[in-house]
Amino acid sequence: MEFQEYLHTLRVWDTELPHFAPGDAPEEPVALFQEWLTHADRAGQAEPHTMSLATVDGEGRPDVRTVMLHGADAAGWSFGSHSGSAKGRQLAGCPSAALGFYWPAVGRQVRVRGTVAPAGAEASRADLRARSTGALAAALVGRQREVLPSLEELADASERAWARAAAAPDTVVPSWTLYVLDPVEVEFFQGDASRRHVRLRYSRGRAGGAWGRELLWP
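What you are looking at is a predicted structure, and each value in this text was computed from that prediction instead of being measured.

Turning to helix α5 (residues 133–141), a few remarks are in order. Regarding α5, the residues found buried are Ala135, Leu136, Ala137 and Ala139. With its phi angle positive at about 40 degrees, Gly142 sits one or two positions after the end of α5.

Structure, rendered in structure tokens:
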């Protein structure tokens, strides 16, 4: 079978999907996002806190990768990375970014657009302290974007980093940065097997402004 034909055989949402009544949605998006993520987790969605992060480089070329959500509250959506990583450099040059969550177990998506800024040194240190030994070990290896000569070198660096993280869990990693996306647009998408998808978009003219809500055609 040709690959394209194989793709046509794949199906989505062969299960009962939850109901979404946008008229009952809250006035601001954070509460609804927290409700949806929690619901996806309880419905069996693996790693519902992972998300796609889209940025642009200095030449305006888009870039995307999967990262972990560290928080979502009135301040914005937060995630961590090294300031010298590709994403860190791109955000320093152009702070506009977008997030994408997809929870196929419930046929839901959430899209977030806004401006990203570092949360500050103390918040970044607290973020790393609150995470696991493995997260600290990975941060200590911290050579994202650099060329890796061999897998053996990675294994050696990782082993030493794990030992250090276990012995000194409060170790500071200066390049580790907690980033916060302050949203200007958040869209909630509820899939429908009959393709009558429900889309609700929250938007505001500027960060910190009042939220407006509107439905979108599928």
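This next bit is on the pairing of strand β2 (residues 62–68). With seven bridges connecting them, strand β1 (residues 50–56) and β2 associate as antiparallel partners. Each bridged residue has a counterpart across the sheet, and for Leu53 the counterpart in β2 is Arg65. Connecting the antiparallel pair β1 and β2 is a turn made up of five residues, with Gly60 showing a positive phi of about 80 degrees.

For the rest of this paragraph, the subject is the side chain of Ser81. Among the structural elements, Ser81 can be located in strand β4 (residues 76–82). Side-chain polar atoms of Ser81 contact the side chain of Lys87, separated by 3.2 Å.

Examined against the element boundaries, Pro62 turns out to sit in strand β2. We classify Pro62 as exposed; its relative accessible area is 73%.

Attention now goes to the environment of Gln90. Among the secondary structure elements, Gln90 is positioned in helix α3 (residues 86–93). Separated by 45 residues in sequence, Gln90 and Ala135 have C-alpha atoms that sit 22 Å apart.

Cut-off values and rules
- Along each chain, residue indices are assigned from 1 in the same order as the chain's sequence is written.
- Residue-level local features of this predicted model are given only where pLDDT is at least 70; pairs of side-chain atoms are given and counted only at 80 or more, and the full residue set underlies all totals for whole chains, interfaces and linings.
- For the side-chain quantities, the full set of heavy atoms in the structure was used; hydrogens and water were omitted.
- Exposure classes here rest on a 1.4 Å probe applied to the protein chains alone. A residue is buried below 20% of its type maximum, exposed above 50%, and partly exposed in between.
- Segments assigned H or I by DSSP are reported as helices when at least four residues long, segments assigned E as strands when at least two residues long, and all are numbered from the N terminus.
- When DSSP finds two or more bridges between a pair of strands, those strands are recorded as paired.
- Two N or O atoms count as a polar contact when they lie within 3.5 Å, although within protein this holds only if one can serve as hydrogen donor and the other as acceptor, and sequence-adjacent residues are included solely when both atoms are side-chain atoms.

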